[in-house]
Amino acid sequence: PQETLEVAVVETITEVPKIQMLPVPVEVPKVVNLQIQERLEEVHTTLIEERVVEVPEPQVVEAFTQVVRPVVEYVDKEVPYVVTEPVERLQEVMQRPLLEEVAVPIPKVLTYEAVRQTAEPSVEQSMREVPKYNMEYYERRVEMRPCPASRIMDPSLI
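Residues numbered from 1 in each chain as written. Predicted model: local features only at pLDDT ≥ 70, side-chain atom pairs only at ≥ 80, totals over all residues. Heavy atoms only, no water.

### Details of a nonpolar patch on the surface
Item 1. A cluster of nonpolar residues, I19, M21, L34 and I36, forms a patch on the protein surface that exposes about 460 Å² of accessible area.
Item 2. At the level of secondary structure, the elements contributing two or more residues to the nonpolar patch comprise β1 (2–23) and β2 (34–55).
Item 3. Following the sequence through the fold, M21 ends up in strand β1. (Patch = residues over 30% accessible without salt bridge, like charges linked within 9 Å, V, L, I, M, F, W, Y side chains within 5 Å. Areas by Shrake-Rupley, 256 points an atom, 1.4 Å probe, with all protein chains shown as cover. Salt bridge = Lys/Arg side-chain N within 4 Å of Asp/Glu carboxyl O. Helix = DSSP H or I, 4+ residues; strand = E, 2+ residues; numbered from the N terminus.)

The structure is reproduced here in structure tokens:
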């Protein structure tokens, strides 16, 4: 991409102090007394700001695609034919005399402790308070209004 400069005009406000002098009359004839007062005044100025803008630039390029083309070749390879044959050979080995092992009983006293546990049922009686409720029934009269016959036969109310 190629970069070019773009010029943009931007307005800014810069505050610059402006000195204002006011003469003050004094009774001394030869000495002049001036009082300086500072005042801020807005002055409009133009500020030029430059920005970098990217400009797309097309490029023409040739593209090549390479594809693998398999080539199969048959090559004869000689492999040696191996034949294994057993050969009988005598070799002397020293033999040790045969040992026969016999179990010998060794007297040993083993002591066991047996603990037998039995369950003994025990009953413990305790006094608990249980509240007793008395039911008192009383009669209350409710006035019934006559009901229309259509409402009595309505199955949705059943």
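### Examining the environment of M21
Item 1. A relative accessible area of 53% means that M21 is categorised as exposed.
Item 2. Residues M21 and E38 lie 17 residues apart in sequence; the distance between their C-alpha atoms is 8.9 Å. (Buried < 20%, exposed > 50% of the residue type's maximum accessible area, 1.4 Å probe, protein only.)

### Focus on the pattern of salt bridges
Item 1. For the structure on display, the rule yields 3 salt bridges.
Item 2. Between K18 and E41 there is a salt bridge; the shortest N-O distance is 3.7 Å. One end of the pair, K18, is in strand β1; the other, E41, is in strand β2, with 23 residues separating them in the sequence.
Item 3. Residue classification places E41 among the partly exposed positions, given a relative accessible area of 30%.
Item 4. Among the salt bridges present, the one from E41 reaches R39, with a minimum N-O distance of 3.1 Å.

The values reported here are purely geometric and, on their own, carry no functional implication.
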